[in-house]
Structure formats: structure tokens, C-alpha cells
Amino acid sequence: MKKLIAAALAAGLLGSARAADITVCIWGTITGPDALVNGMSYGPRDYFEFLNQTKGGIAGNKVKLLLLDGRYKLDEELKIYRRCVDQEQAVYVNGWSTGSVKALRDQITQDKVPFMTQSYASEVLDPQKLPYIFMAGPTYEQQMIIALRDLAKSGGKNLVIMHPDNEYGRGPVNVVRQSKVIEGNGLTLQDTIEFPYDAQDLTAQMLRVKAKNPDMVYVQASTPQLLVILRDAAKVGLSAKKFVGNIYNISPAIPEQLGANAEGFRAIQVYSDFGSDIPAMADIKAFEAKGNEIQKRDVYYMKGWFEGQVMAKAIEAAIAKNGGKVPDDIAAFRQSVRNEMEGLKDVDTGGIVPPASYANHQGSTQARMAEIKGGKYVPVGDWIDAR
Amino acid sequence: MSRPVLAAVLLSVLAVIGTLLLGRFGAYMMHAVAIAAIGALSLNLLTGFCGQINFAQAGLLGVGAYAAGLAGNAGWDLLALPVAGLAAVATAVLIGLPALRLRGLYFAIATLAAQFILEYLFKFAEPITHGVSGLLIKPMTVFGRPIQADQGYAIVAITLLLATFLVMHWLRRTDLGRSFLVVRENEVVAKGMGINVARTKMLAFMISGFFAGIAGGLIGFTARLAHPESFGMSLSVDYVAMIIVGGLGSMPGAVLGAGFITLLPEAIQRLGEIFHISDQLSALREMTFGLLIILFLIFEGRGLSAIGSRLVSARGWRTRQGGRAEPLELQKIKSSQGGLE
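Residues numbered from 1 in each chain as written. Chains lettered and ligands numbered in written order. Predicted model: local features only at pLDDT ≥ 70, side-chain atom pairs only at ≥ 80, totals over all residues. Heavy atoms only, no water.

1. A few points about the overall build of chain A
Okay, step 1: Per the secondary structure count, chain A includes 13 helices and 12 strands.
Okay, step 2: Compactness check: chain A gives a C-alpha radius of gyration of 21 Å against a globular reference of 21 Å for 387 residues, within 12% of the reference.
Okay, step 3: Along the longest, intermediate and shortest principal axes, the C-alpha atoms of chain A span 65 × 50 × 45 Å.
Okay, step 4: Burial status across chain A gives 61% buried among its 387 residues.
Okay, step 5: Sequence separation of at least 24 residues holds for 69% of the intrachain contacts in chain A that already meet a minimum separation of 6. (Helix = DSSP H or I, 4+ residues; strand = E, 2+ residues; numbered from the N terminus. Rg over C-alpha atoms; globule rule 2.2 N^0.38 Å. Buried < 20%, exposed > 50% of the residue type's maximum accessible area, 1.4 Å probe, protein only. Contact = heavy atoms within 4.5 Å.)

2. A closer look at the domain arrangement of chain A
Residues and elements named next belong to chain A.
Okay, step 1: Here the domain parsing of chain A yields domain 1 (2-138 + 276-356) and domain 2 (140-269 + 367-385).
Okay, step 2: The centre of domain 1, based on its C-alpha atoms, is set 31 Å off from the matching centre of domain 2.
Okay, step 3: Listed per partner, the contact involves 16 residues of domain 1 and 11 residues of domain 2.
Okay, step 4: Around 1300 Å² of area is buried between domain 1 and domain 2 when both sides are counted, 59% of it from carbon and sulfur atoms.
Okay, step 5: In this structure, the connection of domain 1 to domain 2 is made through one salt bridge. (Domains from an automatic or database assignment. Buried area = accessible area lost by both parts, 1.4 Å probe. Salt bridge = Lys/Arg side-chain N within 4 Å of Asp/Glu carboxyl O.)

3. Remarks on the side chain of Arg368(A)
Residue and element names in this part refer to chain A.
Okay, step 1: With respect to the element layout, Arg368 can be found in strand β11 (residues 366-373).
Okay, step 2: We note that Arg368 is buried and unpaired, the nearest opposite charge coming from Asp382 at a distance of 7.2 Å.
Okay, step 3: Dropping the residues within four chain positions of it, Arg368 is found in contact with Ala267, Ile268, Gln269, Ser272, Pro379, Gly381, Asp382 and Trp383. (Lys, Arg positive; Asp, Glu negative; His and termini not counted.)

4. Digging into the side chain of Thr200(B)
Residue and element names in this part refer to chain B.
Okay, step 1: For Thr200, the position within the fold is in helix α10 (residues 197-223).
Okay, step 2: You can call Thr200 buried: its relative accessible area is 2%.
Okay, step 3: Within the structure, Thr200 has its side chain in polar contact with the backbone oxygen of Asn196 (distance 2.7 Å). (Polar contact = N/O pair within 3.5 Å; in protein donor to acceptor, adjacent residues only side chain to side chain.)

5. Details of the state of the cysteines
The bond known as a disulfide is covalent and runs between the sulfur atoms of two cysteines.
Residue and element names in this part refer to chain A.
Okay, step 1: The full count for this structure, using the stated rule, is one disulfide over all chains.
Okay, step 2: One disulfide in the model links Cys25 with Cys84; its S-S distance is 2.0 Å. Measuring the twist about the S-S bond at about -50°, one finds the Cys25-Cys84 disulfide to be left-handed. Here Cys84 lies in helix α3 (residues 74-87) and Cys25 lies in strand β1 (residues 22-28), a separation of 59 residues in the sequence. (Disulfide = S-S within 2.5 Å.)

6. Some details on the packing of α3(A) against helix α4 (residues 98-111) of chain A
All names here are of chain A.
Okay, step 1: α4 packs onto α3 with a crossing angle of 25° between their chain directions and a minimal axis gap of 10 Å. The orientation of α3 with respect to α4, classified from their angle, is roughly parallel. As α3 runs across α4, the sense of the crossing is right-handed. Residues Leu74, Glu77, Leu78, Tyr81, Arg82 and Val85 of α3 lie in contact with α4, whose contacting residues are Gly99, Ser100, Ala103, Leu104, Gln107, Ile108 and Asp111.
Okay, step 2: Tallied by class, residues from the contact of α3 with α4 come to seven nonpolar, three polar and three charged. (Axes fitted to C-alpha atoms, helices over the stretch in contact; angles between N-to-C directions. Parallel < 35°, antiparallel > 145°, perpendicular 65-115°, else oblique. Left-handed = near helix turned anticlockwise from the far one by under 90°. Nonpolar A, V, L, I, M, F, W, Y, C, P; charged D, E, K, R; others polar.)

7. A few points about the confidence of the model for chain B
Residue and element names in this part refer to chain B.
Okay, step 1: Of all residues in chain B, 91% have pLDDT values of 70 or greater, and the mean over the chain is 88.
Okay, step 2: When mean pLDDT is compared element by element in chain B, helix α3 (residues 57-73) scores highest at 97, while helix α15 (residues 327-336) scores lowest at 45.
Okay, step 3: Confidence drops under a pLDDT of 50 for residues 319-341, and excluding neighbours within four residues, the segment shows 35 contacts in the predicted structure. (pLDDT = per-residue confidence, 0-100.)

8. Details of the interface of chain B and chain A
Okay, step 1: Taken together, the contact pairs 36 residues of chain B with 39 residues of chain A.
Okay, step 2: Between chain B and chain A lies a buried interface of about 3500 Å² when both sides are counted; carbon and sulfur atoms form 53% of it.
Okay, step 3: The largest per-residue losses of area from chain B upon contact with chain A belong to Arg24(B), Phe25(B) and Arg270(B), which jointly make up 18% of the total buried on that side.
Okay, step 4: A salt bridge links Arg24(B) to Asp111(A); the nearest nitrogen and oxygen atoms lie 3.1 Å apart.
Okay, step 5: At the surface where chain B touches chain A, the tally comes to 11 residue pairs in polar contact (both at pLDDT 80 or more).
Okay, step 6: Listing elements by their share of the side of chain B that touches chain A, those giving two or more residues are α2 (23-49), α5 (104-124), α10, α12 (251-274) and α13 (278-299) of chain B.
Okay, step 7: Among the elements that make up the side of chain B that touches chain A, the one with the highest residue count is α12(B) (eight residues).

9. A look at helix α1 (residues 3-21) of chain B
Residue and element names in this part refer to chain B.
Okay, step 1: For α1, spanning 19 residues, the distance from its first C-alpha to its last is 27 Å, which sits close to the expected 27 Å at 1.5 Å a residue.
Okay, step 2: Taken together, the buried residues of α1 touch α2 and α7 (150-172).
Okay, step 3: Gly23 sits one or two positions beyond α1 and adopts a positive phi of about 85°. (Expected span 1.5 Å × (residues − 1).)

10. Some words on the nonpolar core
It is characteristic of soluble globular proteins that their nonpolar side chains tend to be buried jointly.
Okay, step 1: Grouped together as the largest cluster of nonpolar side chains are 138 residues, with contacts concentrated most on Ile22(A), Tyr92(A), Phe243(A), Tyr271(A), Ile315(A) and Phe333(A).
Okay, step 2: Counting residues per element, this core draws most heavily on helix α12 (residues 299-321) of chain A, which supplies 13 residues.
Okay, step 3: Residues lining this core come from more than one domain, with at least three contributed by each of domain 1 (2-138 + 276-356) and domain 2 (140-269 + 367-385) of chain A.
Okay, step 4: If we skip the residues at most four places from it in the chain, Tyr92(A) touches Thr23(A), Val24(A), Cys25(A), Pro114(A), Phe115(A), Met116(A), Phe134(A), Met311(A), Ile315(A), Val337(A) and Met341(A).
Okay, step 5: The next biggest cluster of nonpolar side chains, apart from the first, holds 84 residues, and it includes Cys50(B), Ala80(B), Ala258(B) and Ile268(B). (Core = buried A, V, L, I, M, F, W, Y, C linked by side-chain atoms within 4.5 Å.)

11. Re the sheet that holds strand β12 (residues 376-385) of chain A
Residue and element names in this part refer to chain A.
Okay, step 1: Here we have seven strands laid out as an open sheet, ordered β7-β6-β8-β9-β10-β11-β12, and mixed in their pairing. Of all strands in the sheet, those bounded by a partner on one side alone are β7 (188-195) and β12. Each adjacent strand pair in this sheet contributes to an overall mean axis angle of 25°, direction not counted.
Okay, step 2: Bridging between strand β6 (residues 158-164) and strand β8 (residues 216-219) involves four bridges; their strand directions are parallel. Paired with Leu159 across the strands is Met216, a residue of β8. (Pairing = 2+ DSSP bridges.)

12. Regarding the pattern of salt bridges
Okay, step 1: This structure, assessed with the given rule, holds 28 salt bridges over all chains.
Okay, step 2: For Arg45(A), the salt bridge is made with Asp46(A), and the minimal N-O distance between the two is 3.4 Å.
Okay, step 3: A salt bridge links Asp232(A) to Arg231(A); the nearest nitrogen and oxygen atoms lie 2.9 Å apart.
Okay, step 4: With a relative accessible area of 34%, Arg231(A) lands in the partly exposed category.
Okay, step 5: Each of Arg71(A), Glu76(A), Lys79(A), Glu266(B) and Arg270(B) takes part in salt bridges that share partners, so that together they form one network.

13. Quick notes on the sheet that holds strand β3 (residues 92-95) of chain A
All names here are of chain A.
Okay, step 1: With parallel pairing, five strands are arranged side by side in an open sheet as β2-β1-β3-β4-β5. For this open sheet the edge positions go to β2 (63-69) and β5 (133-134), each flanked by a neighbour on one side alone.
Okay, step 2: Along the sheet, helix α2 (residues 39-55) makes contact with β1, β2 and β3, crossing β2 at roughly 160°.

What follows is the structure, given as C-alpha cells:
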């Protein structure tokens, strides 16, 4: 046992040689406060595994995959990043929290490693200053703008915004408020309500909302907080129809736990849901039919599958540019993958998102509204572009 | 040069050589252990030497990180770290003035309250801390040149760890250091011996705060982000665990405890990967971590330092480092103060 522990530590500290030509390193919150949405880390892993099993990898080269648990802890995520870049010699890194990407953004540029972030924070999206960081959809601010446009289009006027007292809640709301986009759409912001991240009762806040009688309440919060909001809204007689949430409010837990009180709630849908009638689902089903277990059957898994698709496309293009061979020099390989990523245009994602282009480092800036009807999220309306 | 000092210097030199050989990831781990060890030595001074349980250690580290970040971003170069230390000293004084009137558990609860107040301030003192977004920190500079490599940070951290160890080693042998031990054992007796208990406790808190601030500054420079969620209560608990696992009151124990608590999660992860059970271990890691610490406390309550002492003794080397109870030290104090009886 002692020898095993020593071997493990030695392997960990001394580093290891490249065991495969293509290594992709993913870290997510496998355990921790955000684990509810960790399908977006299993998604890319499964997509690359799907390529390994059905196509022999990328351009005939098996992909070595690592899925590590960052536990939503900054120090752990910073450590994992170094392992991915230094020890594992990953050609592409897929990382989790907004905080870690913010902390690492200069190092990612310095290391010149392509990095797909799970965050939607606008602070980590800048193709000029942060040329190696890519995102998988509209930023939180753009998601909010899509909801505002929908409100304006439907003739609504008055708006209340709710958000928790953390960065995820406060940051995007401040950006949108300062950009004057609310007024620009002919809307009036009646109130902004901040509440404790771990609040268990928001009845008082709901009474405040009721007194304002807005046409829409935009919620920049996660699913656990939304459950409290909609529960207490029902308590004071506010319909869920008034509430709109972002991408992280598409969760089966909401209709399951709230039942009729969730009916009419709408959320921003960037990716087609798991089980939708789209070509990409055929691949997922084929993958499952080979005996692979799908850890999460939700929209976040679809996001991850989409990330896997575009990451693989860029790697494939980089290998093609090198005469069909994996470049020997990891730095050159990373640089080439980054360049090819930026050059991706109208990638067919099998219907998960509209054709995706990465010149803007976002892939897609489109989203549509999904409404809870009969206990399920149903897309309502067309794709709206936030730009 | 005494044996512990010689050993500390030699180990530091080996650690620096190690950082240069181990690559970037290894250097980062060395660096993480060195920072944790500075923080653990700082807490050991207050809790292990002076007997005051402090749950605001994470808050003091946070003050250090923000202060170093602000000073570093303003171009204060190497002065950023002493500034971090002094900011934490000022905070320790503010906490200490009301809290040090209390004893034992009541003091611990007061530091707990201070921890929550500091967390609140990190979130809401936006002009200074940048609130929930966190303060972005530029790389540390030495004479105007930024340190970019993890190896560079590791060497700085190891050097500062050695300096911290030597200062504490020296301090323990001064009258002030001995008065810490008397206060820890019995405040009434300390008063009877003419020791100003409140002043002694305050000095312990200030010195401990200074080194916590330095460790916090290093954390800030490495992460390049001082964020409220990084300095929460669980970090304070980690530091308490470090000094207990290492052996309360033992300086080598504090360093060993820091290494143990910092490296154990990585060791569990790597073992999981070897046996292809990393997914399962990932879910159980926190529990495994807690379970190992409980087992440790049950079967070796005096910590890693006691195990180390036994190993050294078994090889025929004499040592006086050990667990909390140090009758020899107290004997010296008794005689230096004219005796207790």
C-alpha cells in the first residue's frame, strides 16, 4: 500500500509523459454546490468517447480524456488547470467556474492553450485580449437582453429584476442596468431586489414584487433559489407566468417540485433539451446503446455535447492542416487548434443550437424562450439573436 | 546553528531544488504546501503556544490577500507582502481588543463572529474589495520584474516559510515565547507570575496575524484573484485541522499538518485514478478526508509530529520536538520565573 501511495504521489508530482497524441482535459463540479448542472462536463467527455468508439477518435487518433472534479473551489480548480496544461499536456482544456476563469485568464493567454469555459460571464469573453478563451453561447447579459426584447415585443412595459447577493447574481444585472438597454427597449425598471444566496424564505420580497405589479420579473439566479422564489410567489398569489429565468433555470426539478405553481414559468433556452427530436439525439442514443451510461439527461448535457462537437471540429481541422498527423510540438498543436476554432463557421450541431460560428468566440448568440406546460419545458417562439 | 534550524535550512534548500526539478505542477503543489505551512505556523503560535482558539484565520488570510493585491496593483513591488502582514495585524488588533477579554470557548466564538464580519466586508466593501466579483491581482513583482512562473512563486513561498519558521523558533525561546506557554497552561498562574495576560495574548494575536497576512498575500498573488468565497469558514476549519493533525504546539507538526491536509485530496484523487474509481472517490472524497482525520485523532492524538519523533527516536536520533505537553519547557519557565511553588 505504501508503495502504491508513493507511486501515486510520484506520478502526481513528477508529471507523466504524453500517453496519447490528443489529450483533452475537462474539469467540472462533480461534487459541490453546482453539481446539479454538471451534465455540461459529462457531455464533452461522452462526445469524445463517442468519437473514440465509433470513429476511432479524431482522424484515426484516440482521444485521451480526463474528467476531474474541481468541487467549485478556486484553489482546487487552479491546481487542476496546472495539471491539465503541464502534466497532461492537454491540447484543449474545458473548465468550470467563472471565478477560476477570471483568475486564470491571463495565464491561459500566457500558456496559449485553447480553453472552453462553462461560464457565460462577459468578463472572460474578449477575442482580442483573451484570444484562447471560448464560450458556448450567449453571455448572461445577452440572455437578459433576449428576455427584455421578448417583453417589449409582447407589449410589456414594467420590469422587476431579482438576483442573489453573489457575483453570478449581481454582476450581469449591474452590466445590463448600466448599459441602458432596459430604457432602450422602452421598458421601465421598477425595482431590483437582491436577496441572500442561501435564502430559505422570500415571502417578504414576493410581497414587494406584488406591490409593483410588473409585467415581467427577470430572475438571474440558480435553480435552488428559483424554487424558493416560485414557491413563495405562489404563497402571495403571484403567478409563475410573470417570471423569466436564464439558462440555469431549465431544470426538471422545477416542475417536479412545484407542480402547478411552476406552470407558465419561462426560461432562456440556448440548447435543445435532452430527448428532443433532433439529429444529435440519434448519436447520443447510439452512444448509450453501446452500453455507455448517460450520467445526466438534461439540457446541460446537451450543452456539453455541443462543446465536444466544436472542440473536436477544431482539433480535426488542426490535424488536417498538418497533413493528417498530430503535430509533435504541443505548443504548435494548441496554437493551430485555437486558430481553427476561431475559423469554425456554420458548424452543424445536429440541432442542439443553430449553426455555430466561432469568430466571436461564442458559437451562438441565439436563444429562445421555453415555457413550463404540463410539467415540461416547451419551446415557445423563435430563436432570438442577442446581438 | 542548532539542530532544528539546520534541519529547516537543509529541508528548505532541498525543497527549492525540488521545485526546479518537479515541473510546473509539482512546483505549484510545493508552493501550496509552503503557503499553508506559513498559515499553520501562524495559527500554531496563537493556538498551540498561547492556547487561544482562532476561527478567524481565513478572514486574516483574506485581509492579507486583498491588501497585497491592492499594494501590488499599485506597484509597491516587494513591499506588498509586508503591507499584507501589517493589514492583518491591524485587523487582529481590532478583533483582539474586545475578544481577548474573553477566555477559552468564548474567545473562539468571538473569533467566529469576526470571521463572519470579515466575510461580509469582503463582499460588501466594494470600493476596496470589488465585492462579489473579487479583486483581480497583477503578478507579484520583484524589483519591478513580474514573477510569471509557478517555480518563482514556490521559491518565494519556501523562503518565507523558512523565515517564518526561524522567527517562531527564536520567539519560542524568548521571555515572550515562554510567557505564551504559561498563559496557555493557566492564566491565573500567569498573572501570579507577573505576566500581563491581556498584553501577552494581544501580542500573540498580532504576531500570528502578521504571518497569516503574509500567507494570505501569497495566496492572492498565486490565484491572481482575491475573492470572498475563497476565505470562508471552511478554510479556517482546514487550518485548525492542520495544527491538530500535525500536533498542537509543535512547529514541525504544523508544517507536516499543512502538507498532509494540502496533499491528501490529491493523493486520494490519484489513487482513485490508479484503481479506476476516481468518479466514486470524487463523491466520497470529502467523507474519506474527514474519516482519515478522525481515525488519525483517535489513534494518534498527538499528531504527525509525535509519529515523526518516534521514527527519529527509533533511528537513534535524539529529539526534543513533540506534542503539546512539554514538561521540559515548563520546567525551564518555572525556574526562570523563580518557581511556581
